[in-house]
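Structural overview
In case you want the letters, here they are:
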Amino acid sequence: RPGQQVLVMSDVDNNELKRKRTQGFLETMAAEAPDVLLQTKHYSDPQYEAYQIASRAISSAKNLGGIFLNTSGGLQGAAQAILDAGRAGDCFLMGIDITDVTLELMDKRAIPFTISQRPYLQGYQAMTRMCELLIRSVKPDKEFYYIDFSVFAGRAHYEMSQADMR
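Remember, it's a predicted structure, so these values are computed and weren't measured experimentally.

Glancing now at the side chain of D11. Turning to its location among the elements, D11 is positioned in strand β1 (residues 5-11). Exposure remark for D11: the relative accessible area of 13% places this residue in the buried category. Residues contacting D11, with those up to four places away along its chain left out, are K18, H42, Y43, N70 and T71.

As a further point, take the environment of E49. One can find E49 in helix α2 (residues 48-60). Ignoring any residue separated from it by four or fewer positions in sequence, one finds E49 in contact with Y43 and S44. Reaching out from E49, the side chain makes a polar contact with the backbone nitrogen of S44 at a distance of 2.4 Å.

Our focus in this paragraph is the side chain of Q5. With respect to the element layout, Q5 can be found in strand β1. For Q5, a relative accessible area of 19% gives the class buried. Setting aside anything within four residues of it in sequence, one finds Q5 in contact with D35, V36, L38, A61, N63, L64, G65 and G66.

The geometry of α2 relative to helix α3 (residues 75-84) is characterised by a closest axis approach of 7 Å and an angle of 35 degrees between their N-to-C directions. Here α2 and α3 pass one another in a crossing that is right-handed. Contacts between α2 and α3 involve A50, Y51, A54, S55 and I58 from the former and G77, A78, Q80, A81, I82 and D84 from the latter. In the contact of α2 with α3, the residues fall into seven nonpolar, three polar and one charged.

Three or four residues apart is the spacing at which side chains of an α-helix point the same way, because the helix has 3.6 residues per turn. Within the span of helix α4 (residues 100-107), buried status applies to T102, L103, L105 and M106. Down the axis of α4, the smallest arc covering the buried residues is 165 degrees, so these residues share one side. With its phi angle positive at about 70 degrees, R109 sits one or two positions after the end of α4.

The next subject is the pattern of salt bridges. Pairing between side chains of opposite charge can happen when the charged atoms of each approach one another. One pass over the structure, following the stated rule, counts three salt bridges. Between R136 and E32 there is a salt bridge whose closest N-O contact spans 2.4 Å. Of this pair, R136 sits in helix α5 (residues 119-136) while E32 sits in helix α1 (residues 16-32), and the two are 104 residues apart along the sequence. For R136, a relative accessible area of 44% translates into the label partly exposed. We note a salt bridge from D90 to R87, for which the minimum N-O separation is 2.5 Å. Its relative accessible area of 12% is what places R87 among the buried residues.

Take the packing of aromatic side chains next. Under the defined criterion, the tally for this structure stands at one aromatic pair. Consider the rings of F25 and F68, whose centres lie 4.1 Å apart with planes at 5 degrees: the pair is stacked. Here F25 is found in helix α1, whereas its partner F68 is found in strand β3 (residues 64-69), with 43 residues between them in sequence. The same class applies to F25 as to F68, namely buried.

Between α3 and α4, the shortest axis-to-axis distance is 11 Å and the interhelical angle comes to 15 degrees. By the angle between their directions, the pair α3 and α4 is classed as roughly parallel. Where α3 crosses over α4, the handedness of that crossing is left-handed. For the pair α3 and α4, contact is made by L75, Q76, A79 and L83 and by V101, T102 and L105, respectively.

What counts, and at which threshold
Residues numbered from 1 in each chain as written. Predicted model: local features only at pLDDT ≥ 70, side-chain atom pairs only at ≥ 80, totals over all residues. Heavy atoms only, no water. Helix = DSSP H or I, 4+ residues; strand = E, 2+ residues; numbered from the N terminus. Buried < 20%, exposed > 50% of the residue type's maximum accessible area, 1.4 Å probe, protein only. Contact = heavy atoms within 4.5 Å. Polar contact = N/O pair within 3.5 Å; in protein donor to acceptor, adjacent residues only side chain to side chain. Axes fitted to C-alpha atoms, helices over the stretch in contact; angles between N-to-C directions. Left-handed = near helix turned anticlockwise from the far one by under 90°. Nonpolar A, V, L, I, M, F, W, Y, C, P; charged D, E, K, R; others polar. Arc of directions from axis to C-beta. Salt bridge = Lys/Arg side-chain N within 4 Å of Asp/Glu carboxyl O. Phe/Tyr/Trp six-rings, centres within 6.5 Å; stacked < 30°, edge-to-face > 60°. Parallel < 35°, antiparallel > 145°, perpendicular 65-115°, else oblique.

Spelled out as structure tokens, the structure:
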């Protein structure tokens with residue numbers, strides 16, 4: 001959304017998949033909306049530090065529109081910071097992976113969409129689609145709802161994709 005910023009959070013275990021994922025997000029955002037990105041923050045304790053970093057960003061950056069995590073490790077901590085600040089539905093967590101926790105946080109509106117695991121496609125191509133949704137509010141065409149990388153816009157969308165695969 002125009003005028004809003006995005007915090008990028010990365011755990012310190014920066015393996016190839018996580019580097020590609022973060023690179024795809026940062027490159028796309030820098031090309032499309034250069035003034036949107038805040039400094040990347042690193043955490044080693046997935047829940048406590050992720051919560052602390054997200055809480056500080058939420059309270060200090062009043063125009064914070066989203067938090068991108070390059071792994072699901074800090075998801076709960078960052079999401080709890082959004083929920084505690086009363087910003088669910090306003091400040092979005094851009095998460096990775098489909099887990100029970102992710103689905104629960106989607107139900108609480110802390111996470112509007114998430115992507116599934118596929119190294120290069122998730123690490124780069126999915127970030128392009130996510131940034132288009134974030135920057136231009138352009139949802140992927142229906143043909144892209146389920147492809148080699150998947151962007152799930154809520155529990156119902158995920159469950160529908162699972163039913164289609166049976």
